[in-house]
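So the chains spell out like this:
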Amino acid sequence: MQFIDLKTQQKRIRQDIEKRILNVLDHGRYIMGPEIKELEQTLAEYVGVKHCVTCSSGTDALLMPLMAWNIGPGDAVFVPTFTFIATAEMVQLLGATPVFVDIDNDTFNMDPVKLEEKIFEVIRDGKLKPQAVIPVDLFGLPANYPEIQKIADAHDILVLEDGAQGFGGKIGDQKVCSFGDAATTSFFPAKPLGGYGDGGAVFTNDDDLAEKLESIRVHGKGSDKYDNIRVGINGRMDSMQAAIVLSKLTIFDDEIVRREKWAQAYSDQLAPTFQLQKIPATYASAWAQYSLITKGKKHRDDMMNKLKNHGIPTMIYYPIPLHLQTTFNHLNNGVGDYPVSEDTADCIFSIPMHPYLDDETINQIVSGLLD
Ligand SMILES: *Cc1c(COP(=O)(O)O)cnc(C)c1O
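This paragraph deals with the site of the ligand. The full set close to the ligand counts 14 residues, and Gly58, Thr59, Asp162, Ser186 and Lys191 are the nearest of them. In this structure, Gly58 approaches the ligand through a main-chain N or O atom, which is 2.7 Å from an oxygen atom. Between the ligand and the protein, one listed contact pairs an oxygen atom with a side-chain N or O atom of Lys191 at 2.7 Å. The fraction of the free accessible surface of the ligand (380 Å²) that becomes covered by protein chains is 93%. Its residues assigned to classes, the shell around the ligand shows four nonpolar, eight polar and two charged.

We now examine the packing of aromatic side chains. Going through the model one piece at a time under the given rule, you end up with 13 aromatic pairs. When the ring of Phe108 is compared with that of Phe139, the centres are 6.3 Å apart and the planes differ by 80 degrees; the resulting orientation is edge-to-face. Of this pair, Phe108 sits in the loop between strand 3 (97-101) and helix 5 (112-125) while Phe139 is found in the loop between strand 4 (129-133) and helix 6 (145-155), placing the two residues 31 residues apart along the sequence. The residues Phe108 and Phe139 share a single accessibility class, namely buried.

Right, let's get into the environment of Pro130. Position of Pro130 relative to the elements: it lies in strand 4. A relative accessible area of 12% places Pro130 in the buried class. Once the C-alpha coordinates of Pro130 and Ala152 are considered, the two residues, 22 residues apart in sequence, prove to be 9.7 Å apart.

Calculation rules
- Residues numbered from 1 in each chain as written.
- Predicted model: local features only at pLDDT ≥ 70, side-chain atom pairs only at ≥ 80, totals over all residues.
- Heavy atoms only, no water.
- Near = heavy atom within 4 Å.
- Polar contact = N/O pair within 3.5 Å; in protein donor to acceptor, adjacent residues only side chain to side chain.
- Areas by Shrake-Rupley, 256 points an atom, 1.4 Å probe, with all protein chains shown as cover.
- Nonpolar A, V, L, I, M, F, W, Y, C, P; charged D, E, K, R; others polar.
- Phe/Tyr/Trp six-rings, centres within 6.5 Å; stacked < 30°, edge-to-face > 60°.
- Helix = DSSP H or I, 4+ residues; strand = E, 2+ residues; numbered from the N terminus.
- Buried < 20%, exposed > 50% of the residue type's maximum accessible area, 1.4 Å probe, protein only.

Rendered as structure tokens:
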């Protein structure tokens, strides 16, 4: 059994992918070929925003808007401590200070009440200027943007949605990657909309920001290719990857429906026994991961071993909250500072989730857990 089954998906669209790859080989525009514009237009329309700027990864997608906003030394950027490293890493790379925020016990997403507490703390300390917040759509579930946006507006800080896991999710009719001042996603193969390599995108309704992102993506180019007007990066997505993501998009909505179906099947059977990620009313998850909360490290080890003995793969997302990771030691955070994230890291694990599960596999996993 596979944790994420990309093979069945490939069988379904193999011919289309081959056709699109051959097309790139024929036209030969490997860098910024026609697939890039096509993908950007398709994604912008899908999400319902004005601009999509593709780039080399979900990590660079976080970096580029932070660069465009001149985030740097002396700036505080608020990030959840229970997430993938990239969210806080890009803040630190720019010399700004990641200020961690604990998560909500039910949704595992940034707790808006704790966000505002942290903003007040930073203001009181007087050392850093609150500039931005990066909520993460953890495991596919959109963060609480209605509340976070209110707080951000009250304190005049920017909102950057990290939708690397959330693409395909929504709140009401509003799709992931349309929240905040800008939003990002990743096409890493294991993400809900994954390619066959690295890739990412930034979304925004801000014309000025979109123009800066396009410049930063190509070494800070100005209108003249050899007169660079700012420091940028080599952040382009390959035409070949764009071709693959375009192909995957043709079945993406169907895949989201399937993920929802399997998540429901899991939840119906597991809810009496395990705490699960709570999906608030009107929210829809893209189900990048399906996660369970156990009663503690030992219970988790037992459960994971039991499944392993049945040949069922599991993963821990995430075993160490960011504030306890070595690269952030200089921020002087310690054990006990973010109790919900720490408890969650000790108790959580994820079971197989992808569109190509079936009733039999679900039953096998569920009986492995409940036996
Ligand atoms: C995967 C991921 C990223 C980074 O995406 P890459 O394409 O791997 O660089 C950023 N944030 C979150 C929350 C992620 O899960």
